[in-house]
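Residue-level structure breakdown
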Amino acid sequence: MPGARHKILGHVLSGFCHKMNRRKPIYGDCLETPLNRCLTTFDITLLGVGHMVGAGIYVLTGAVAHNMAGPATALSFLLAGITSTLAALCYAEFGTRIPRAGSAYAYTYVSIGEFWAFIIGWNIVLEYMIGAASVARAWSGYLDAMLDGAISNATISVTGELHETLLSKYPDVLAFLICIVASLILAVGVKTSAYINNGLTILNLTVISLVIFLGFYYADLSNWSQKNGGFMPYGFSGVLAGAATCFYAFVGFDSISASSEEAKDPTRSIPIATILSMAMVAFGYILVAIALTLMVPYKSINPDAALPAALGAVHADWAKYAVAVGAVCGMTTTLLGSLFSLPRCLYAMSADGLLFGFLSDISNKSQIPISNLIISGFSSALIALLFDLEKLVEFMSIGTLLAYTIVSAAVIILRYRPAPPEEKGFSPPHLDSPIDREDSSATGTPGTDGGSSSSEMFEALTVGRLRPQYAWLEPLAGGRAPGSAVTSCVYTFTAAAAALCAHNHFLAEPAGLWALLPDFVLTFIIVACLVIIWAHQQSPLRLPFRVPWVPLLPAASVMLNVELMVNLNALTWARFTIWMTFGFLLYFLYGIHHSKLGEGVAGLLSRSGSGTAHSWGAVDKTSSLARRVGRLGRGSKSDDRKPIISDDELARREP
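Residues numbered from 1 in each chain as written. Predicted model: local features only at pLDDT ≥ 70, side-chain atom pairs only at ≥ 80, totals over all residues. Heavy atoms only, no water.

If you look the chain up in an unreviewed UniProt entry, it shows as Cationic amino acid transporter 4 isoform X2 from Bicyclus anynana. In its Subcellular location (unreviewed entry) section, UniProt records this for the chain: "Membrane". (UniProt positions renumbered as here; feature names shortened; annotations may be inferred.)

1. Remarks on the overall build of the chain
If you tally the helices and strands in the chain, you get 28 helices and 0 strands. Here the analysis covers contacts within the chain between residues at least 6 apart in sequence; of these, 82% occur between residues at least 24 apart. Looking at the chain as shown, the accessible area adds up to about 29300 Å², and 66% of this sits on carbon and sulfur atoms. (Helix = DSSP H or I, 4+ residues; strand = E, 2+ residues; numbered from the N terminus. Contact = heavy atoms within 4.5 Å. Areas by Shrake-Rupley, 256 points an atom, 1.4 Å probe, with all protein chains shown as cover.)

2. With respect to the packing of aromatic side chains
All told, the structure shown has 25 aromatic pairs when counted by the stated rule. Measuring from ring centre to ring centre gives 5.8 Å for Tyr-234 and Tyr-298, while their planes differ by 70°; the resulting arrangement is edge-to-face. Of this pair, Tyr-234 sits in the loop between helix 9 (190-217) and helix 10 (235-246) while Tyr-298 is found in the loop between helix 12 (266-295) and helix 13 (306-313), placing the two residues 64 residues apart along the sequence. The exposure class assigned to Tyr-298 is buried, which follows from its relative accessible area of 6%. Three or more aromatic residues link up through ring pairs in this structure, and these residues are Phe-115, Trp-116, Phe-118, Trp-122, Trp-579, Phe-584, Tyr-587 and Phe-588. We note Arg-344 situated over the ring of Phe-340; from NZ or CZ to the ring centre the distance is 4.0 Å. (Phe/Tyr/Trp six-rings, centres within 6.5 Å; stacked < 30°, edge-to-face > 60°. Buried < 20%, exposed > 50% of the residue type's maximum accessible area, 1.4 Å probe, protein only. Lys NZ or Arg CZ within 6 Å of the ring centre and 35° of its normal.)

3. Brief notes about the packing of helix 5 (residues 104-111) against helix 6 (residues 114-146)
It is at 8 Å that the axes of helix 5 and helix 6 come closest, and there the two elements cross at 175°. Compared by their axis directions, helix 5 and helix 6 come out roughly antiparallel. Of the residues in helix 6, those in contact with Ala-104, Tyr-105, Thr-108 and Tyr-109 of helix 5 are Glu-114, Trp-116, Ala-117, Phe-118, Ile-120, Gly-121 and Ile-124. Of the residues assigned to the contact of helix 5 with helix 6, the class counts are 8 nonpolar, 2 polar and 1 charged. (Axes fitted to C-alpha atoms, helices over the stretch in contact; angles between N-to-C directions. Parallel < 35°, antiparallel > 145°, perpendicular 65-115°, else oblique. Nonpolar A, V, L, I, M, F, W, Y, C, P; charged D, E, K, R; others polar.)

4. Quick look at a nonpolar patch on the surface
On the surface, a cluster of nonpolar side chains totalling about 520 Å² of accessible area is made up of Leu-75, Leu-78, Ile-82, Met-232, Phe-236 and Leu-240. A per-element tally of the nonpolar patch places helix 4 (residues 73-97) first, with 3 residues. With respect to the helices and strands, Ile-82 occurs in helix 4. (Patch = residues over 30% accessible without salt bridge, like charges linked within 9 Å, V, L, I, M, F, W, Y side chains within 5 Å. Salt bridge = Lys/Arg side-chain N within 4 Å of Asp/Glu carboxyl O.)

5. Some details on the side chain of Asn-228
Inspection of the secondary structure assignment puts Asn-228 in the loop between helix 9 and helix 10. You can call Asn-228 buried: its relative accessible area is 18%. Of the polar contacts made by the side chain of Asn-228, one reaches the backbone oxygen of Ser-222; its length is 2.8 Å. Beyond its immediate chain neighbours, meaning those up to four positions away, Asn-228 contacts Ser-222, Asn-223, Pro-297 and Tyr-298. (Polar contact = N/O pair within 3.5 Å; in protein donor to acceptor, adjacent residues only side chain to side chain.)

Listed below in C-alpha cells is the structure:
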C-alpha cells in the first residue's frame with residue numbers, strides 16, 4: 001500500500017508539473033480577433049510616447065539633476081534609454097511573432113510556460129493599476145498646488161485626516177474622479193480614445209519642444225564650468241544612480257505590444273512604433289536635461305518644480321503656463337496608457353482560462369472588454385482615493401523588471417527552438433550528432449519547399465542542435481532534444497547573473513581574493529552558458545523584425561534588469577511576496593483547472609483554411625503530419641495495432 005500511494009502521489013505531481021509548464025502553440029491565423037483592428041502605426045507610436053512622456057519629464061529631470069548627477073543627467077538618461085531599448089527590441093520581435101493582447105504575459109506563455117506566464121500577467125496587472133492610480137494622484141496634486149492647496153484643505157475640512165500608515169493623509173476624491181473619467185473616455189472605443197491621446201501627446205511634445213528651444217536660447221555655458229561643479233559633479237557613480245532612477249521614465253513602451261490585437265498591421269506597426277517611440281522619448285529627455293542645466297546651475301534647480309522655476313530665473317515667466325498645460329497633457333496620456341493596457345492584459349488571461357471568464361466578454365458596439373474596463377478603472381480609482389502611493393510606486397517597478405527579464409530570456413529560447421510542423425511544412429528527421437548532420441548535408445536532405453536553398457534547408461533541419469564546428473561540445477550539450485540545451489543554459493545564465501549581482505550588492509568590502517572567488521566562478525558559468533548557446537543553430541525563420549546579435553543583446557538585457565531588481569529594497573520584495581501569495585492562490589485554486597490548454601478546446605482563433613476548430617490557444621499535441629510521419633516510421637496501420645505478444649505465442653508459453 002505505501003508503494004501504491006507513492007506511485008499515485010508521483011503521478012499527481014508529475015501531472016501538476018506538466019500543467020504548470022505547458023506552452024501555448026502559436027500556429028494559426030493570429031490576426032483574427034473579436035477586438036477592433038483599427039490602430040495605425042502613427043496611433044500606436046503616439047500611444048507609447050504618451051505613456052512614457054508623462055509628468056516625469058517635468059519632475060524627474062529636475063530631481064535627478066539636483067540630487068544625483070548634475071549636468072550629467074543627460075548621460076543618465078542615455079544609459080537608461082539604452083537599457084530600456086534592449087528590452088524594447090525583444091518586445092518588438094515578439095510583437096511580430098505573436099500579435100495578441102497581453103504583452104509580456106502572452107510572450108511568456110508561448111516560450112516558457114503557463115505558470116511563469118501567470119506570474120508575469122499577475123504582476124503586469126499590479127503595475128498598470130498602481131501606475132494609473134499614481135498618475136491620477138499626481139494630476140490631482142499638481143492642480144491642488146496651482147490652487148495653493150485649496151482642494152486638499154477643503155477635503156480635509158469635510159472628511160478629516162486619515163492616520164493609517166499605508167493610507168494617504170486625506171481621501172483624494174479628485175484623483176478618484178480623474179480615473180473614472182479616463183475610463184469613460186476609453187469606453188467610447190479604441191479609435192476615439194486614440195484620437196484624444198494623439199491630440200494630447202502632440203500638444204505635450206509641442207510644449208517640450210518649446211522648453212528645449214528656450215533652454216538653448218537662454219543657455220549659459222558657465223553653468224557647466226568648474227566654478228559651478230563641472231559637468232559631472234557627483235562622479236560616474238552619480239551618473240549610474242541617476243540612470244537607475246531615470247530607467248523608470250521609460251516604463252510604458254509595453255503598452256505598444258499590449259495594443260497588438262487592435263493594430264491594423266501588427267507585424268509591421270509594433271516594431272516600428274517601438275523603435276520610433278523609444279528614440280523620440282530618449283531624445284526628448286536628453287535634450288530637456290541639457291536645456292535645464294544650461295539655463296541655471298544644477299544647485300539652483302528646484303527639484304519639485306524644475307522647469308517653471310528655471311524659466312522664471314531667466315525671466316520667461318509666460319512659459320510657465322505652457323509648462324502647466326504640457327504637464328497636464330502628459331499626465332493624462334500616461335493615465336490613458338495605463339488604463340488602456342490593464343484591461344487588455346486581464347482580457348488575455350481570461351480568454352486563456354487563467355482568470356474568470358466574464359473578464360473576456362467583448363462589447364458588440366465598442367469592441368472592447370467593457371466589464372473588464374469598468375473593474376480596472378474602479379480598482380485604480382479606489383487605490384488613488386485611499387492609498388499613499390509614494391510607498392507603492394517602487395513596488396510596481398519589480399513587476400516591470402521581472403517582465404523585461406523574462407521576455408529577453410524568452411527571445412533566446414524561441415530563437416533556438418525548432419518551429420512546429422504547422423509553421424514550416426515539414427518534420428525534421430532525427431539527426432544524432434553534428435557529425436551525422438554534416439554527413440546528411442553532404443548527401444542532401446529532401447524538403448517540401450522547392451524555393452529554399454540547401455543551406456537554408458540544412459539550417460531549418462538543425463535548429464536547436466550543435467553546429468558541426470562545435471562538435472567537441474557534444475559530450476556536454478549533445479544527446480538532448482533540439483533547443484533543450486539552450487533552454488537549460490538560459491535558466492542557468494539567469495540564475496548565475498542574479499547570484500553575481502546579489503553577491504556584489506551585499507558584499508560591503510572585499511575581504512581578499514577569497515571574497516572574489518564566487519565572482520570568478522559565476523562569471524565563468526555565465527560565459528560558458530553564452531558559448532554553449534552560441535554553438536547551437538538558430539532558427540532561419542524570416543520575421544519582419546528580429547533582435548540583432550542574439551544571444552548577446554538579450555543576455556545583456558537580462559543582466560541589466562537583474563541588477564536593477566537586486567538593488568530594490570527589502571520592503572519592496574516583501575510586498576512583492578505578499579502580492580504573489582494571492583496570485584498563487586488564484587492560480588492553483590482556479591487558473592490551473594480552467595486553463596484552455598487543459599480543456600483541449602478551441603480558444604480565440606480558428607486555424608485559417610481548416611474545417612476543424614484548431615486555435616492559437618488550443619492544444620494539439622500531435623499534428624496530423626506528425627502522426628503520419630510516425631506511422632511511416634513504425635510501419636503500416638495494421639502492424640501498429642498488432643499486440644506485442646500474440647494469442648498463439650501466449651498459449652505456447654502457458655504450462
